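# Summary of the model geometry
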Amino acid sequence: MTYLALYRAWRPQRFMEVVGQEKTVIALRNALCEGRLSHAYLFSGPRGTGKTSIAKIIAKAVNCVNLEQGEPCNQCSSCHDINNGNFMDVIEIDAASNRGIDEIRDLREKVRVLPAQGKHKVYIIDEVHMLTTEAFNALLKTLEEPPESVIFILATTELQKIPATIRSRCQSYNFRRLSTAEIIARLEEVADSGGIKLEPEALQIIARRANGGLRDALSTLDQIYSYKGNDVNKADVQEVLGLVDDVFLAKLIDAAIDRNTGAVIDMLNTALSQGKEAQQLAREASLYLRDLLLYLVIGEQAEWSVVSEGSRPILEKQKLKIDKNQILKALRILTDTTDKLRFSEGQKFLLELAFLQIASLFEDQVIPVTAASTNVPKRSKTAARSEQVVKSGRAEAGDPLWGKILTGVKDKKIPTHALLVQGRLLGNKENTFYVGYKKGYKFHKEKMEEKENREIVKTVLKEIMGKECEIQFIFLDDDQYNDIIVKKAIEFFGEDIVEIKD
Ligand SMILES: Nc1ncnc2c1ncn2[C@@H]1O[C@H](COP(=O)(O)OP(=O)(O)OP(=O)(O)O)[C@@H](O)[C@H]1O
Ligand SMILES: [Mg+2]
Ligand SMILES: [Zn+2]
């Protein structure tokens, strides 16, 4: 028995069946009705949003013997053969698999041969951005003198990689990501017709994860269906996709905000021992924070990426305990950690470190967003912060002190600023400030060590700190970035005030 993947079984066969992409669909249908199709189209947009599907509908429509209101009939022999991939005059070229030079050469030879079977030859070139320059040039020549009765449809996910010469010879359509609601509606239709029962929250997770692409949504449904049968709930989806439950994420962030570090470590241990991936945990936690941030900024209009009914009440409370800046800092910590986790062995340690850093963002008493604007004048709050940074000798992400130093240096000498800005302030130990450079910035580091540049920084430090300060430049080893930066930081500042920053 052959099983046809859902996304293939559900390929739209006519314009009517296409989800979204209204403008494109209307324009193309009108052109087909009025018989004024262009000889070359360029479809661009994210994966799985309907480019190839629409290209095939056009191919059918121009060859269909019963075209009705711009729609192919899907009954006549041309439509049939095209649907089955047996139609000689519809030629699909996948530029990704062979970069196309032979195909394009072949195309140039054969393009002038009249259609063998139908009215129009249609060339569909997928992933066209992958063509070699040579192949592009060959294609360009053909597009410059388009033979009668040939239609080119180029499709790409990366419009910016298409040469302007090609673009200017095509009619361009941008395909948009489909909304979560559109994806949900189609998934419901598919599930219904296949007798699959999907809990609404399960449906929602699949749709959100698809990130606007219907193919991914349908593939996910397929995958879950084959593991879990036709009764699917939220936990099934989370399990198959290896996702972390949003209520768990909400509680984890809550523990960090309350600086309940014991609970944070416990929760991380539990999740990891249940087989969750460290990187996934970091990524999902950032999605949760992203939801929280959006909620703070635009309120009810926020489209959630992980928050659901279950975590919503916790989110409501967190809204009062955290401010935008803290979320941004926490996000920064998590994205850095996600990056590092890709290369690192010390997975658990890095993850713990990240959440402890996040917890440390809440060391000062948190002023609720609403109260902050009533009592505390903004400036004094900022001033208090930078003072605190200096006192504890810890340089924070987006550190105001680093900002001040850079501005001061820039005012004095722009070239020095250009060298300094490539480094990062690690922090200070008493009167010595440490700036780290990644390995590739040897030149910058050495230049900064020269007397003149060093003096400029020292002068600026003196202006800011009101006392003589020293400056040291050190290397952060790129290859073993994680370990070394941690070791170096511990070495320099002592265990209790180590914080990794970018
Ligand atoms: N707009 C849409 N309407 C209905 N189904 C869609 C749509 N977009 C994608 N699909 C579903 O996803 C499958 C793949 O779509 P299609 O091949 O058209 O995507 P694509 O945009 O060409 O993607 P890629 O860039 O990866 O080639 C279709 O068979 C269909 O099941
Ligand atoms: Mg495609
Ligand atoms: Zn037909």
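What comes next is a walk through the structure. (Residues numbered from 1 in each chain as written. Chains lettered and ligands numbered in written order. Predicted model: local features only at pLDDT ≥ 70, side-chain atom pairs only at ≥ 80, totals over all residues. Heavy atoms only, no water.)

Here the focus is helix H4 (residues 77-84). Here H4 has its buried residues at Ser 78, Cys 79 and Ile 82. In a view along the axis of H4, the buried residues occupy a sector of 100°, so they form one face of it. Phi for Gly 85, located one or two positions after H4, is positive at around 75°. (Buried < 20%, exposed > 50% of the residue type's maximum accessible area, 1.4 Å probe, protein only. Helix = DSSP H or I, 4+ residues; strand = E, 2+ residues; numbered from the N terminus. Arc of directions from axis to C-beta.)

This paragraph deals with the coordination of the zinc ion (ligand 3). The protein atoms that coordinate the zinc ion (ligand 3) are Cys 64 (SG), Cys 73 (SG), Cys 76 (SG) and Cys 79 (SG), at distances of 2.2 to 2.3 Å. In this structure, the zinc ion (ligand 3) is surrounded by four donor atoms whose angles at the metal cover 101 to 120°, and the resulting shape is tetrahedral. Positions of the donor residues of the zinc ion (ligand 3), expressed as sequence spacing, correspond to C-x8-C-x2-C-x2-C. Placement of the pair is Cys 64 in the loop between helix H3 (51-63) and H4 and Cys 76 in the loop between H3 and H4, with a sequence separation of twelve residues. Here the two residues Cys 64 and Cys 76 agree in accessibility, since each one is buried. (Donors = N, O, S within 2.8 Å, 3.2 Å for Na, K, Ca; no water. Tetrahedral: all angles 85-135°; square planar, octahedral: opposite > 155°, others 65-115°.)

With that settled, consider the sheet that holds strand E3 (residues 121-126). By way of backbone hydrogen bonds, the strands of a sheet pair with one another, either parallel or antiparallel. Pairing is parallel in the open sheet, where five strands are placed in the order E2-E3-E4-E1-E5. Edge positions in the sheet fall to strand E2 (90-94) and strand E5 (171-174), since each has one partner strand and no second. Between one strand axis and the next, the sheet turns by 15° as a mean value, whatever way the strands run. Sheet topology note: the strand E1 (residues 40-44)/strand E4 (residues 150-156) ladder contains five bridges and is parallel. Across the sheet, the residue bridging to Leu 42 is Leu 154, located in E4. Along the sheet, H3 contacts E1, E2, E3 and E4; its crossing angle with E3, the most-contacted strand, is approximately 175°. (Pairing = 2+ DSSP bridges. Axes fitted to C-alpha atoms, helices over the stretch in contact; angles between N-to-C directions. Contact = heavy atoms within 4.5 Å.)

Summarising burial for E4: seven of the seven residues are buried, a large majority. The side-chain alternation of E4 yields two buried faces, one formed by Val 150, Phe 152, Leu 154 and Thr 156 and the other by Ile 151, Ile 153 and Ala 155. With five bridges joining them, E3 and E4 adopt parallel strand pairing. Opposite Tyr 123, over in E4, you have Phe 152 as the bridge partner. For the handedness criterion, the β-α-β arrangement of E3, helix H7 (residues 133-144) and E4 is classed as right-handed. (Right-handed = clockwise from strand over helix to strand, strands pointing away.)

Turning to the sheet that holds strand E10 (residues 470-476), a few remarks are in order. Pairing is mixed in the open sheet, where three strands are placed in the order E8-E9-E10. The sheet terminates laterally at strand E8 (424-429) and E10, the two strands that pair on one side only. Strand-to-strand twist across the sheet, computed as the mean angle between neighbouring axes with direction ignored, equals 25°. Relative to strand E9 (residues 432-438), E8 runs antiparallel, the two sharing five bridges. The residue bridging Gly 427 from the neighbouring strand is Tyr 434, located in E9. On top of the sheet, helix H21 (residues 400-412) reaches E8 and E9; it is set at about 110° to E8, its chief contact. Contacting E9 and E10, helix H24 (residues 451-465) crosses the sheet at an angle of about 120° to E10.

The next thing to look at is the layout of surface pockets. By volume, the largest pocket is sized at about 880 Å³. Forming the walls of the largest pocket are 38 residues, and the residues nearest its centre are Tyr 7, Arg 11, Thr 52, Ser 53 and Arg 215. When residues of the lining of the largest pocket are traced back to their parent elements, those giving at least two are helix H1 (6-9), H3, H4, E2, E3, E4 and helix H11 (214-228). The greatest single-element share of the lining of the largest pocket, amounting to six residues, is contributed by H3. Two domains share the lining of the largest pocket, each providing at least three of its residues, namely domain 1 (6-174) and domain 2 (180-241). (1 Å grid on protein atoms, 1.4 Å probe; cavity = no way out; pocket = protein on both sides within 12 Å on 5 of 7 lines; lining within 4 Å. Points joined across faces, edges and corners; volume = space filled by probe spheres on them. Domains from an automatic or database assignment.)

For the rest of this paragraph, the subject is unusual backbone geometry. Positive phi, close to 50°, is recorded for Gln 69, a residue that is not glycine. Along the chain, Gln 69 falls in the loop between H3 and H4. With a relative accessible area of 59%, Gln 69 lands in the exposed category. For Arg 259, which is not glycine, the phi torsion reads 55° and is therefore positive. Its location among the elements puts Arg 259 in the loop between helix H13 (246-257) and helix H14 (261-273).

Tallied over the full model, the rule gives 30 salt bridges. Residues participating in the shared-partner salt-bridge network are Glu 201, Lys 234, Asp 245 and Asp 246. (Salt bridge = Lys/Arg side-chain N within 4 Å of Asp/Glu carboxyl O.)

On their own, these measurements won't tell you what the molecule is for.
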